[in-house]
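# Structure at a glance
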Amino acid sequence: MVETDLSSQREAPDDAPRDADHPRDSLIASFGVDKPLKLDAGVELSPFQIAYKTYGTLNADRSNAVLICHALTGDQHVANLHPVTKKSGWWETLVGPGKPIDTERYFVICPNVVGACMGTTGPSSTNPKTGNPWGLEFPVITIRDMVRAQAMLLDHLGIEQLFAVAGGSMGGMQVLQWAASYPSRVFSALPIACATRHSAQNIAFHEVGRQAIMADPEWRGGRYHLEGTNPRRGLAVARMGAHITYLSDAALHRKFGRKFQDRENPTFSFDADFEVESYLRYQGISFVERFDANSYLYLTRAMDYFDLAADYGGVLANAFKGAQTRFCVISFTSDWLFPTSESRAMVHALNAASARVSFAEIVTDKGHDAFLLDEPELFAIVRGFLDGARKARGLAAKS
Amino acid sequence: MSMPPREKANLNVVSIARTPGGARIDLVMVAEMVERGVKVLDVGCGDGELLRLLSESRDVDGRGIELSREGVNECVAKGLAVIQGDADTDLADYPDDAFDYVILSQTLQATRHPRVVLEHMLRIGRHAIVSFPNFGHWQVRLQILLFGHMPRTDMLPYSWYDTPNIHHCTIKDFRQLCTEVGVKLEKAVALNAWGSPLRLNAPWWFWNLFGEQAVFLLSRKD
């Protein structure tokens, strides 16, 4: 655990905006003016690009592709060393050779979502009209827009049907949107720790995070790239607040309790006396090293707007009408951000649509974050579900 | 998620007869009543043994509901389409005619509203298959008559205070319910203590006395 003072941050790297256009260690699919991305906001994004990673080999009949959708603060580096943090991929527990999503068997694709900041076009990318970073000129995007862009990426790669789409949290929302928007392109779907709509409480938490960013004087109305500033404090506070919602009271208590950080007694100051404070500060600070504040605004907004039933006359089951997709819905007992009740509502709608659905709730005290952590039951369920789907799809054991 | 204290209600059969191949005889009986290649919902599917048997021997498209989390997670890890749910509350969410067969195997006596469950089964599916332990079996009768205590048998191994089985019935009682609900009795089989089917031409009173468990195939009357 590192104790860090928020005021003594290193300067933003000079190549930050350029990095947004030219990501390190990723593949790029560019879509010219002839292939605009039609957005729910009623405008077109063009030209744009998608940064993505792939693992494994696409088989001859192109039937073993698995799309991984990342969460709010995730990116395409699902199963490799992260180029910025130098940490292992965010889902290396689940994706890799011999893992439940076995890269010796499946061709795994993980794109960075539209609006993010790791190489796919987003608010920190260069606006071709001005030559400057988009900032708040960037159109507001939705989960459906992200999925539309991913469908264009699949067209670009020549993949008609995905063997599976998997993701947790915001990634799970994309999985659901995939199944609703492109049912024939999704053979099996794993929406994990997510919901078919963002709750009022979750929108409220997001608003606190956004206000923290906008209240930072360095945010400069979103023009911080141009003005050479960076709303680190605001983004760090947003992350700290959000991070609490990813854990649980029990997990925080188990991990930190009321333990002091490197001291015997309270200092009678506002230092990070408690371990939990120090931990949160570290989470905030390490986050700003790899994430763009405006992207945080756009992606949280996309999640807030997500309400799958609203797009289908208020009847969630209609979103999955006639679905041939095999679903595996997974929730975690201590996840209070996307509680099991949300997954249960999803399952009811899928049942009402006569979809083939499996639903498992995993007992853990690790909260929402559990989907990213070492949860052997999660691994067994994902592996078993995909094995069943693989037999039904007639895929060979190894690609 | 608070669940009623009825976990593993359907796993109450501890020492049941098995075929030489290792399959539970009552499940084989159920499976034999199912046409090939149909769509089946198994309510209270336990660890998925019947669903697996159905998919392997009858080539069915099977789905399951199971109350216990352990059962559900075990099923999903086997690649079966199973969700966590409660027969008493969750059948209402299924649309009419969603399945060809709805199966309730060794679970009827653990439901809160057996009649409502049965009605839902025949709304959701064209056919229903119900198997249950027969409370009219002579051993059960004898234990109350001679010893004056609640019966405990291989089929019903629980003490009165911790049993998940809250609605016991006899074969006769169940036939009565079928008449009241107005369903058509297509086929019935009673199994003796060794898991062998009783003589088909035996009278109902004989089944009710010597059948340790029964399997009923029902369909809508119209």
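Described in the following lines is the structure provided in the data block. (Residues numbered from 1 in each chain as written. Chains lettered and ligands numbered in written order. Predicted model: local features only at pLDDT ≥ 70, side-chain atom pairs only at ≥ 80, totals over all residues.)

Bringing the overall build of chain B into the picture now. A tally of regular secondary structure across chain B gives eight helices and seven strands. Overall size of chain B, expressed as C-alpha extent along the three principal axes, is 45 × 40 × 40 Å. Across the 222 residues of chain B, 45% fall into the buried class. Expressed as a percentage of contacts within chain B between residues at least 6 apart in sequence, the contacts between residues at least 24 apart total 67%. (Helix = DSSP H or I, 4+ residues; strand = E, 2+ residues; numbered from the N terminus. Buried ≥ 20, exposed ≤ 12 C-beta atoms within 10 Å, placed from the backbone. Contact = placed C-beta atoms within 7 Å.)

This part takes up the overall build of chain A. When helices and strands are tallied, chain A shows 12 helices and 12 strands. Taken over C-alpha atoms, the radius of gyration comes to 21 Å for chain A, in line with the 21 Å a tight globule of 399 residues would show. Of the contacts made within chain A by residues no fewer than 6 positions apart, 72% connect residues no fewer than 24 positions apart. (Rg over C-alpha atoms; globule rule 2.2 N^0.38 Å.)

Moving on, we come to the interface of chain A and chain B. In this complex, chain A contributes 22 residues to the contact, which on the side of chain B involves 17 residues. For the side of chain A that touches chain B, the elements supplying multiple residues, two or more each, are α11 (340-352), β12 (356-362) and α12 (376-393) of chain A. Tallying contributions element by element places α12 of chain A first for the side of chain A that touches chain B, with seven residues. Residue composition of the side of chain A that touches chain B, by class: 10 nonpolar, eight polar and four charged. (Nonpolar A, V, L, I, M, F, W, Y, C, P; charged D, E, K, R; others polar.)

All names here are of chain A. The geometry of helix α6 (residues 232-246) relative to helix α8 (residues 275-288) is characterised by a closest axis approach of 8 Å and an angle of 125 degrees between their N-to-C directions. Between α6 and α8, the interaxial angle falls into the category oblique. Between α6 and α8 lies a crossing of right-handed hand. Here Arg232, Leu235, Ala236, Val237, Arg239, Met240 and His243 of α6 come into contact with α8, specifically with Leu280, Gln283, Gly284, Ile285, Phe287 and Val288. Looking at the contact of α6 with α8, its residues break down into eight nonpolar, three polar and two charged. (Axes fitted to C-alpha atoms, helices over the stretch in contact; angles between N-to-C directions. Parallel < 35°, antiparallel > 145°, perpendicular 65-115°, else oblique. Left-handed = near helix turned anticlockwise from the far one by under 90°.)

Bringing the sheet that holds strand β9 (residues 164-168) of chain A into the picture now. Where strands meet in a sheet, backbone hydrogen bonds hold them as pairs that are either parallel or antiparallel. Residue and element names in this part refer to chain A. The eight strands are arranged β1-β4-β8-β5-β9-β10-β11-β12 in an open sheet whose pairing can be described as mixed. Edge positions in the open sheet fall to β1 (27-31) and β12, since each of these has one partner strand only. Recorded for the sheet is a direction-independent mean angle of 20 degrees between the axes of neighbouring strands. Note that β9 and strand β10 (residues 188-192) share four bridges and pair parallel. Bridge pairing in β10 links alanine 166 to leucine 190. (Pairing = 2+ DSSP bridges.)

In this section: the pairing of β12 of chain A. Residue and element names in this part refer to chain A. Across the seven residues of β12, seven count as buried, placing the element largely inside the fold. Burial along β12 is two-sided: Arg356, Ser358, Ala360 and Ile362 and Val357, Phe359 and Glu361, pointing in opposite directions, are all buried. Across seven bridges, the pairing between strand β11 (residues 326-332) and β12 is parallel. Bridge assignment links serine 331 to a residue of β12, and that residue is glutamate 361.

The next thing to look at is the packing of helix α1 (residues 25-32) of chain B against helix α2 (residues 49-57) of chain B. All names here are of chain B. Closest axis-to-axis distance for the α1/α2 pair is 10 Å, and the angle between their directions is 45 degrees. Classed by the angle they form, the pair α1 and α2 counts as oblique. Helix-helix and strand crossings are classified by hand; for α1 and α2 the assignment is right-handed. On α2, the residues touching Leu27, Val30 and Ala31 of α1 are Glu49, Leu50, Leu53, Leu54 and Ser57. When its residues are assigned to classes, the contact of α1 with α2 shows six nonpolar, one polar and one charged.

We now examine the environment of tryptophan 91 of chain A. All names here are of chain A. Here tryptophan 91 shows up in the loop between β5 (65-69) and β6 (95-96). For the pair tryptophan 91 and histidine 77, spaced 14 residues apart in the sequence, the C-alpha separation amounts to 8.6 Å. Contact partners of tryptophan 91, with chain neighbours within four places excluded, come to Ile68, Val78, Ala79 and Leu372.

All right, on to unusual backbone geometry then. Serine 46 of chain A connects to proline 47 of chain A through a cis peptide bond whose omega is -10 degrees. Positive phi is not limited to glycine here, since arginine 62 of chain A has a value of about 55 degrees. The class of arginine 62 of chain A is partly exposed, set by 16 C-beta atoms lying within 10 Å. The residue glutamine 106 of chain B is not glycine, and still its phi comes out positive at about 55 degrees. For glutamine 106 of chain B, the position within the fold is in the loop between β4 (99-105) and α5 (114-124).

Another point: the sheet that holds strand β2 (residues 61-66) of chain B. All names here are of chain B. A sheet is described by the order of its strands in space; here seven strands give the open sequence β3-β2-β1-β4-β5-β7-β6, paired in mixed fashion. Across the chains shown, the open sheet's two edge strands, defined by having one partner strand only, are β3 (81-84) and β6 (183-191). Geometrically, the sheet is characterised by an average inter-axis angle of 15 degrees between neighbouring strands, direction not taken into account.

As a further point, take the environment of valine 30 of chain B. All names here are of chain B. Topologically, valine 30 is positioned in helix α1. Residue class for valine 30 comes out buried when judged on the 27 C-beta atoms lying within 10 Å of it. Between the C-alpha atom of valine 30 and that of phenylalanine 216, which follows or precedes it by 186 residues, the distance is 8.5 Å. Ignoring anything within four residues of it in the chain, the contact list for valine 30 reads Leu50, Ile103, Ser105, Ile129, Ser131 and Val215.

Along α1 of chain B, the positions that sit buried rather than exposed are Asp26, Leu27, Met29, Val30 and Ala31 of chain B. Buried residues in α1 of chain B make contact with α2, β4, β5 (125-133), β6 and β7 (213-220) of chain B.

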